[in-house]
Amino acid sequence: MPRALQTLATLCLSLALGSAQAADPLFSAEGYRTGLYRSPTPLHIEAAQIVDTQALQGLLQARPAPLLIDVYRRQWLQGRFIDSEPHANLPGSHWLANTGDGELTPQWQDYFNQHLQRLSLGDRQRALVFYCRADCWLSWNAVKRAAALGYKNIYWYRDGLDAWEAVGLPLVAAQPEPLP
């Protein structure tokens, strides 16, 4: 094959592969992670302060204590959550299942908005701590989403449930907050 034809073929293949990758990005146009949720997470996020277990325990001593928001996923089928496996979370948490996904339908966006509004009593300064598991982008997405709604005092418990459990702290059986 002549060199010019090889170069053209290579260029066409590169463009085709680039187009295929662009059709399935890891982030949405709004900056939310849309895939590979269980993978290493960043060491910072603009919208929140990252806390470890010790710092979270200190925050929980404040009055009022921050709202703990678990965003771990739960299967939703035919208008209800499917309890396919037990889930536990930090004591006092509110489980807003599926709200850490990269793209939310209007129904799930309303679920997130309404529960945050209700739980914070409309106080956008109320401290919120979002978590999931270690190496989980769902809580990272939820932090960004809460900031976009105007919440100002946000914390990201980056290593989440796994870090809490690793030091032997108590967990409680959890059920997702109901879909309004």
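Below is a summary of the structure that appears in this document. (Residues numbered from 1 in each chain as written. Predicted model: local features only at pLDDT ≥ 70, side-chain atom pairs only at ≥ 80, totals over all residues. Heavy atoms only, no water.)

This structure, assessed with the given rule, holds 10 aromatic pairs. Seen from their ring centres, Phe27 and Trp140 are 6.1 Å apart, and the 70° between their planes marks the pair as edge-to-face. Taken together, the positions of Phe27 in the loop between helix 1 (3-22) and strand 1 (49-50) and Trp140 in helix 4 (residues 137-148) put the pair 113 residues apart, joining distant regions of the chain. Ring centres of Phe112 and Phe130 lie 6.2 Å apart, and the angle between their planes is 35°; on these two criteria the pair is classed as tilted. With Phe112 in helix 3 (residues 106-119) and Phe130 in strand 7 (residues 128-131), the pair connects residues that are 18 residues apart, well separated along the chain. Across this residue pair, the class does not change: Phe112 and Phe130 are buried. Connected via pairs of aromatic rings, a cluster forms that spans Trp76, Phe81, Trp108 and Tyr111. Over the ring of Tyr151 we find Arg124, and its NZ or CZ is 4.7 Å from the ring centre. Across the ring face of Tyr32, the terminal group of Arg145 is positioned such that the distance to the ring centre comes to 4.4 Å. (Phe/Tyr/Trp six-rings, centres within 6.5 Å; stacked < 30°, edge-to-face > 60°. Helix = DSSP H or I, 4+ residues; strand = E, 2+ residues; numbered from the N terminus. Buried < 20%, exposed > 50% of the residue type's maximum accessible area, 1.4 Å probe, protein only. Lys NZ or Arg CZ within 6 Å of the ring centre and 35° of its normal.)

Before going further, it helps to examine the pattern of salt bridges. Throughout the structure, instances matching the rule amount to 5 salt bridges. Linking Asp162 and Arg133 is a salt bridge whose minimum nitrogen-to-oxygen distance equals 2.7 Å. With a gap of 29 residues between them, Asp162 in helix 5 (residues 160-166) and Arg133 in the loop between strand 7 and helix 4 connect regions that are remote in the sequence. Of the residues examined, Asp162 reaches a relative accessible area of 26% and is grouped as partly exposed. When its relative accessible area of 19% is taken as the criterion, Arg133 is described as buried. (Salt bridge = Lys/Arg side-chain N within 4 Å of Asp/Glu carboxyl O.)

Worth remembering: the numbers are spatial, not functional.
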